[in-house]
Structure formats: C-alpha cells, structure tokens
Amino acid sequence: MTSHPSPATEIDHAFFEREVESFLPDKVFDAHAHLMKEGSHRFAIRGIPATFGYQEVKHFSEDLHSQRRYAGLFLPGFDASLKQKIPEANNWVSEQLAFAPDCVGAFFVTPEDDPEWVQQEVRRLGLHGLKCYHTMAPNQPTFEAEIPDYLPEPLVAVANQEGWFITLHIVKKHAVADPGNLYWIRRYCERYPHIKLILAHSARGFQPAHNLAGLESLRDLNNLYFDSSANCEPIAHQAIVRLFGHKKLIYGTDFPISHIKGRCVAIGDTFLWLTENSPIWNEKHSAIEPVLVGLEHIRSLKWACWSEKLVDSQIEDIFWNNATQLFGIQKS
Ligand SMILES: [Zn+2]
C-alpha cells in the first residue's frame, strides 16, 4: 500500500464537507480511472506515486468519496511517446483486476492493431472493452483527427461481436457539434448495435455549447452512453440527462486528473484548463486556493442533478447502478 501523502489539503477536506458529503450516494462506481506503471508515463502530480494500481486508486479516491464503497472501470495509461509500453499497460490493468472486486478493465488499442489479435488479447487478459486515444492517429494535429483515424471500423466490428464497451474521448474543435464526429458516432452505433459506446468527459463537452448544439441529433441511439469524468461544467451533464435520460450518464473521476488542483472552464467557443501552476490565483483581492479537479467535478454533477430535479435513486443510478448494469456486474 502506498505511503504517499495525498495532494488533498484542509481546503479540499472543507470543500468535501461543505459541497459533497450530503450529496454523494454511499456507493461509487468510477467508470474512468487510469492505472499506470512507473516508466510508462510522464505524469507528475504532486503526492501521486509513479506506479498506481487498484490499491492506490482506491486509496486516493477517499479524497473525493471519503470511505464509500468503491469500484471502477480501469483504463490503461501510458505516454503517447512510449508506444512500446502499451502491452505492459494493458497487462497492468489485467493484473490489477485479479484483486479488485466488482471492477472491469479496458484494453488499449491503436489504429494498427489487428482485430483478431485484439480479440484474443482481450479474452486472454480478462478485459471487457476497448480504450483508444487520438494521439495514436497518424495525422497531425491529432486534436483534429476523425474517429476512425484512432478507432478504425474493423476494431468496432470485433467489439460488436464480443459485446464490448468502447470508451471514446472525441476530439476536434467543436467536439460533439462536429459533423464528422456525429457521422462516425451514428455509423458505429447503428452498424454495431452490440457495442456500448461511452463518450468520455460528458461527450468532451468541456465547452457545453457543443453538447447543446450536437447531442440532440444522437438521441435515438440506444447504445450510446456518457462518462462524466473531469468535466466541471454542469450544463454539459444536464444536456445528457435532459436529452437522453439519467440512465445514460455514468460517473467517472479520470484519476489521476482528478488529483490536479484547478478545473477546466468553458470560455468563448472553447475551454481552458486552469491548474495550480497557472499564474492566476493571486489576481483577486484575496488569494484563491483551487481544489481537486475531482471535487469540482462532483460539485458540477450536484448542480446538474439539482437543476434537473433528480431524486436520490436517480443519483444512485449515475454513481453506481448505471455502470454495474452496463458492465454486467452482479448485484451485491
Ligand atoms: Zn482519461
């Protein structure tokens, strides 16, 4: 077990008491948490050890959820420049699941992967779905990549055969308001009805105007889901709840991003990450001390649930039942 001190301070604990404690249900399923091994990534978040597996994520999750029961969907993590570390990252998630009750894991795919090999590897490693990322796309800048550039259709076909989920962090300037993204999301969901397509970060609606502009046209897709992770804009979550219903929204922390201090803010037609290293915190009459992204995130969900008038059982769905139903985890 890690002996690392957490980046959480008194300010974070006070925020938890004031904003989170009375809102958060007693079980938390975290559908977007990264597990990483030293040497395969370049994350350096104060207080977070270089290797983090199930025990560490569970430990640090207490900063966000106190002593609540915790389970998760674990995603492999590595640095984009260290592609040779991908097999190790996938193995690491698989190994960690051996002692992680109620948890599931994703297999990281690159656009070059052979679908049959992926099928065998996911089975061999006991994983349950796929994770992809735009940094693997061959085109530059990868922030403007189309979905098949980093998630080719033959991989989706295999996921369909196996009934897997796919966690997809879409990119492009206008996210889910982009016609290319809308085209591919619809095509994959319609042609491959047995996949469960999870759009990460509330459809990457860090600028919620993009969710308001684009999500309406996807309402009829029954196999489309959303993880809320790291998005701190209540309207981004509300757009999903209002257009798709609360059963399609699943909580996630995006650990270790949850343990950066600051938040992402919508501005203009885009968004901006403010972290504790941004030179802005002394600009007001009194110094501002940012809290953990993960806490800001939960507060944004609280505000979204309040605005959408959700009742306790619906909030419990977002934080546990939607995920365990989606991933086929037995009730306990
Ligand atoms: Zn992530």
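The rules behind each value
Residues numbered from 1 in each chain as written. Predicted model: local features only at pLDDT ≥ 70, side-chain atom pairs only at ≥ 80, totals over all residues. Heavy atoms only, no water. Helix = DSSP H or I, 4+ residues; strand = E, 2+ residues; numbered from the N terminus. Rg over C-alpha atoms; globule rule 2.2 N^0.38 Å. Contact = heavy atoms within 4.5 Å. Areas by Shrake-Rupley, 256 points an atom, 1.4 Å probe, with all protein chains shown as cover. Core = buried A, V, L, I, M, F, W, Y, C linked by side-chain atoms within 4.5 Å. Buried < 20%, exposed > 50% of the residue type's maximum accessible area, 1.4 Å probe, protein only. Pairing = 2+ DSSP bridges. Right-handed = clockwise from strand over helix to strand, strands pointing away. Donors = N, O, S within 2.8 Å, 3.2 Å for Na, K, Ca; no water. Phe/Tyr/Trp six-rings, centres within 6.5 Å; stacked < 30°, edge-to-face > 60°. Salt bridge = Lys/Arg side-chain N within 4 Å of Asp/Glu carboxyl O. Axes fitted to C-alpha atoms, helices over the stretch in contact; angles between N-to-C directions.

Visitor: It is not clear to me how the overall build of the protein should be interpreted in this structure. Could you clarify?
Guide: Scanning the protein from terminus to terminus reveals 12 helices and 10 strands. For 332 residues, the compact-globule estimate of 2.2 N^0.38 gives 20 Å, and the protein sits close to it at 19 Å. Counting only C-alpha atoms and orienting by the principal axes, one finds that the protein spans roughly 55 × 45 × 45 Å. Intrachain contacts of the protein at a sequence separation of at least 6 include 77% that bridge at least 24 residues. Taken as a whole, the protein presents about 13800 Å² of accessible surface, with 52% of it coming from carbon and sulfur.

Visitor: Looking at this model, I keep getting lost on the nonpolar core. Mind explaining?
Guide: Across soluble globular proteins, nonpolar side chains show a tendency to be buried alongside one another. Residues F29, F74, I185, L199, L215, L224 and F327 are the most contacted members of the largest nonpolar core, which totals 97 residues. With 6 residues, the single largest contributor to this core is helix α12 (residues 312-326). Among all residues touching L224, those that are not within four sequence positions of it are I185, C189, L197, L199, L218, F244 and K248. F78, I86, F108 and M136 belong to the second-largest nonpolar core, a separate cluster that totals 5 residues.

Visitor: Would you take a moment to explain the pairing of strand β2 (residues 69-76) for this structure?
Guide: Side chains on a regular strand alternate between the two faces of the sheet. Most of β2 sits inside the fold, with 7 of its 8 residues counted as buried. Relative to β2, strand β1 (residues 27-35) runs parallel, the two sharing 7 bridges. Across the sheet, H34 pairs through a bridge with L75, a residue of β2. In this fold, β1 hands off to helix α2 (residues 54-65), which returns the chain to β2; that crossover is right-handed. By the bridge criterion, 2 bridges tie β2 to strand β3 (residues 104-108) in an arrangement that is parallel.

Visitor: Sorry if this is basic, but what is going on with the coordination of the zinc ion here?
Guide: Each angle at a metal carrying four tetrahedral donors should ideally be 109.5 degrees, and each at a metal carrying six octahedral donors should ideally be 90 or 180 degrees. Bound to the zinc ion on the protein side are H32 (NE2), H34 (NE2) and D254 (OD), at distances that span 2.1 to 2.2 Å. Coordination of the zinc ion draws on donor residues from a single chain, spaced H-x1-H-x219-D in sequence. With a gap of 222 residues between them, H32 in strand β1 and D254 in the loop between β8 (249-250) and β9 (262-267) connect regions that are remote in the sequence.

Visitor: Any chance you could explain the packing of aromatic side chains here in plain terms?
Guide: Each pair of aromatic rings is reported with the distance of its centres and the angle of its planes. Scanning the entire structure with this criterion turns up 17 aromatic pairs. Ring centres of Y54 and F74 lie 6.1 Å apart, and the angle between their planes is 65°; this geometry places the pair in the edge-to-face category. Residue Y54 is located in helix α2, and its partner F74 is located in strand β2; the two are separated by 20 residues in the primary sequence. The buried category is assigned to Y54, whose relative accessible area is 4%.

Visitor: Quick question: what am I supposed to make of the pattern of salt bridges here?
Guide: In total, this model carries 24 salt bridges according to the counting rule given. The salt bridge involving R299 is made with E19; its shortest N-O contact spans 3.1 Å. Of the two residues, R299 sits in helix α11 (residues 293-307) while E19 sits in helix α1 (residues 10-20), which places them 280 residues apart along the sequence. In terms of burial, R299 and E19 fall into one category: buried.

Visitor: Help me understand the sheet that holds strand β5 (residues 165-168), please; the structure alone is not making it clear to me.
Guide: As a general point, the strands of a sheet are linked pairwise by backbone hydrogen bonds and lie either parallel or antiparallel. The 8 strands lie next to each other as β1-β2-β3-β4-β5-β6-β7-β8, forming an open sheet whose pairing is parallel. Looking at strand neighbours, the two that pair on one side only are β1 and β8, the edges of this open sheet. On the sheet, helix α3 (residues 86-97) packs against β1, β2 and β3 and is oriented at approximately 170° with respect to β3. The strands touched by α12 are β1, β2, β6 (196-199), β7 (224-227) and β8; relative to β1, the strand with the most contacts, the crossing angle is about 65°.

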